[in-house]
Amino acid sequence: MREHNVDKNNTANKVVQKQNTYQMLIMLIFVMLVFCVSLFVIRLANAKTNRKIKLNKNNMTITVGKSQKLKVKNLPKSAKVSWKSSKKSVATVNKKGVVKAKKKGKATISCKVSYGRKNKKKMVLKCKIIVEKKKSSKKSVVYMTKDISAKSLLSVYNALNWKASGKTAVKISTGEPPASHYLDSNLIKDLVHSVDGTIVECNTAYGGDRSSTALHKKVAKDHGYTKIAEVDIMDSSGSMTLPVQGGSHLQKNYVGKHFKDYDSYVILSHFKGHSMAGFGGAIKNTSIGIASSKGKSYIHSGGKSTEGFGGEQNAFLESMSEAAKAVSDSLDGGKKIVYINVMNNLSVDCDCDGYAAKPKMKDIGILASTDPVALDQACVDLIYEQKNEDGASLVKRIESRNGILTLKHAEEIGLGSRSYKLVSIDSK
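Now for a description of the structure that goes with this document. Just so it is clear, the model here is predicted, and its values are computed rather than measured.

## Topic: unusual backbone geometry
1) Next: The linkage connecting Pro 177 with the following residue, Pro 178, adopts the cis geometry, with an omega of 5°.
2) Next: When you line up the elements, Pro 178 lands in the loop between strand E11 (168-171) and helix H3 (185-194).
3) Next: Not every positive phi belongs to a glycine, and Asn 161 is a case in point at roughly 55°.
4) Next: Tracing the chain through its elements places Asn 161 in the loop between helix H2 (150-158) and E11.
5) Next: Its identity as a non-glycine residue notwithstanding, Asn 402 has a phi of 60°, on the positive side.

Put into structure tokens, the structure is as follows:
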């Protein structure tokens with residue numbers, strides 16, 4: 001009987017020991033789980049902290065009386081910021097990073113960031129500010145003719161009352177073979193001759209038949225351009241850079257090296273849709289069109305790469321505006337450049353597409369202005385007038401790519417105005 005009780009006690013002890021072992025194992029697993037979760041949280045916090053702390057803009061152009069807000073990206077939760085202006089008479093900044101333009105000039109906004117344990121780590125971020133005078137309330141003038149002919153093209157150009165000086169470049173798109181909707185050489189011949197112009201282009205960055213100078217010149221010949229004027233592929237000997245003032249994405253603009261060889265520019269564009277930009281007109285022809293092969297990639301990437309076509313969509317759209325402004329600024333502040341858009345063969349696709357979609361919209365006319373923003377806006381408005389009719393597909397293309405952002409940003413940085421007066425030159 002006694003032995004039986006001993007066995008019973010031993011069995012009970014073993015059960016208790018087993019239970020204790022299970023409890024200890026569960027406790028160990030729990031502790032390890034808590035440790036792993038804590039480690040993950042710490043690493044996640046460190047990862048967030050290690051992401052580059054930066055301002056949303058490094059350069060900014062503001063009109064007197066206007067305000068724009070600066071933000072610090074990837075800011076740790078416990079971090080503290082303070083703002084300071086180098087020249088309060090030009091631009092002020094409040095504790096929320098809102099910059100207000102006071103008078104024409106330049107200033108630097110500094111943002112002091114304290115972060116890390118007990119906020120002992122310090123860094124200073126800076127944004128260069130350019131304050132411009134208030135723009136005149138006077139609307140830009142856009143001249144228009146409904147007649148698409150060589151004679152009317154010359155007439156709408158003459159309506160600008162602008163005279164080319166020195167050596168003049170006429171910037172067109174030579175068109176990608178085999179079936180893009182480029183401008184007919186017979187249509188532009190008289191205008192090119194009237195300014196004693198050289199037709200200029202730059203090589204593409206996407207391959208195709210215009211990716212090298214030899215191939216590109218052959219295309220220019222095949223499309224009839226070499227018969228009417230000399231054709232210069234401006235980046236045949238490389239690139240040069242133009243400074244970008246007040247850009248959010250670009251600090252420089254890579255253009256064809258021969259850009260400097262010309263004193264005046266006539267930007268002669270075929271207005272149409274575009275698979276990436278939504279639409280292509282004066283701004284695109286001045287930016288992407290004058291950009292060298294590497295410059296095209298630079299714009300597409302929002303200033304992050306000189307190769308390929310990767311990049312965020314809105315950054316690409318805004319970069320086109322910034323590159324176009326760099327070109328305009330370099331030509332005596334825009335005094336030595338004018339813009340003409342021909343609104344025919346209104347496909348949803350660009351002339352850079354060798355298999356562009358067949359146009360569904362009827363031809364509209366030819367428009368010209370000294371203001372590229374007003375010109376492109378006028379063309380877009382004429383498309384939208386047919387939104388519920390034959391312009392539906394082109395409107396859809398523009399909106400699906402957020403194309404209007406190019407115009408908004410162009411106006412913000414001072415390239416031109418979206419407000420305009422449309423003046424017909426056609427006799428009544």
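## Describing empty space enclosed by the protein
1) Next: All told, the structure shown has two cavities of 30 Å³ or more when counted by the stated rule.
2) Next: Taken as a whole, the largest cavity encloses approximately 50 Å³ of empty space.
3) Next: In terms of lining residues, the largest cavity is bounded by Lys 57, Asn 59, Met 60, Thr 61, Gln 68, Gly 246, Ser 248, His 409, Glu 412 and Ile 413.
4) Next: Those elements that provide at least two residues to the lining of the largest cavity are strand E2 (59-63) and helix H10 (404-412).
5) Next: The element contributing the most residues to the lining of the largest cavity is E2, with three residues.
6) Next: Among the residues making up the lining of the largest cavity, the classes are represented as two nonpolar, six polar and two charged.
7) Next: Approximately 40 Å³ is the volume found for the second largest cavity.
8) Next: Ala 277, Phe 279, Gly 280, Gly 281, Ile 283, Lys 284, Met 320, Asp 376 and Thr 406 are the residues that line the second largest cavity.
9) Next: When contributions to the lining of the second largest cavity are tallied by element, the ones reaching two or more residues are strand E18 (278-280) and helix H5 (282-287).

## A few points about the sheet that holds strand E5 (residues 80-85)
1) Next: Taken in spatial order, the four strands of this open sheet run E2-E9-E8-E5, and their pairing is mixed. Each having just a single partner strand, E2 and E5 make up the two edges of the open sheet. In this sheet, neighbouring strand axes are inclined to one another by 25° on average, regardless of whether the strands run parallel or antiparallel.
2) Next: With five bridges connecting them, E2 and strand E9 (residues 121-132) associate as parallel partners. Each residue of the ladder has a partner; that of Met 60, found in E9, is Ile 129.

## As for the packing of helix H8 (residues 372-384) against H10
1) Next: Two elements in contact, H8 and H10, have axes separated by 10 Å at closest approach and are oriented at 150°. Taken together, the axis directions place H8 and H10 in an arrangement best described as roughly antiparallel. The hand of the H8/H10 crossing is left-handed. Within the contact between the two elements, H8 uses Val 373, Asp 376, Gln 377 and Val 380 and H10 uses Ile 404, Leu 407 and Ala 410.
2) Next: Taken together, the residues of the contact of H8 with H10 sort by class into five nonpolar, one polar and one charged.

Procedures and definitions
- Numbers given to residues run from 1 along each chain, matching the order in which its sequence is written.
- The predicted nature of this model means local features are confined to residues of pLDDT at least 70 and side-chain atom pairs, given and counted, to a pLDDT of 80 or more, with totals for whole chains, interfaces and linings taken over all residues.
- Note that the side-chain values use all heavy atoms of the structure and ignore hydrogens as well as water.
- A helix here means a DSSP run of H or I that spans at least four residues, while a strand means a run of E at least two residues long, and both kinds are numbered starting from the N terminus.
- In this analysis the probe radius is 1.4 Å and the grid spacing 1 Å, with only protein atoms considered; a cavity is a set of points the probe fits into but cannot get out of, a pocket is an open set with protein on both sides within 12 Å along at least five of seven lines, and lining residues have an atom within 4 Å of a point.
- Grid points are joined across faces, edges and corners, and a volume is the space filled by probe spheres set on the points.
- Gly is put with the polar residues, along with every residue not named as nonpolar or charged; the nonpolar set is Ala, Val, Leu, Ile, Met, Phe, Trp, Tyr, Cys and Pro, and the charged set is Asp, Glu, Lys and Arg.
- When DSSP locates at least two bridges between a pair of strands, those strands are taken to pair.
- Axis lines are fitted to C-alpha atoms, over the contacting stretch for helices. Their N-to-C directions set the angle, which ranges from 0 to 180 degrees.
- Note on angle classes: values under 35 degrees are labelled roughly parallel, values over 145 roughly antiparallel, values of 65 to 115 roughly perpendicular, and the remainder oblique.
- Helix crossings are classified by the rotation of the near helix relative to the far one: an anticlockwise turn of less than a right angle makes the crossing left-handed, while a clockwise turn makes it right-handed.
- In this description, contact between two residues means that some pair of their heavy atoms is separated by no more than 4.5 Å.

Distances and angles like these do not, on their own, reveal function.
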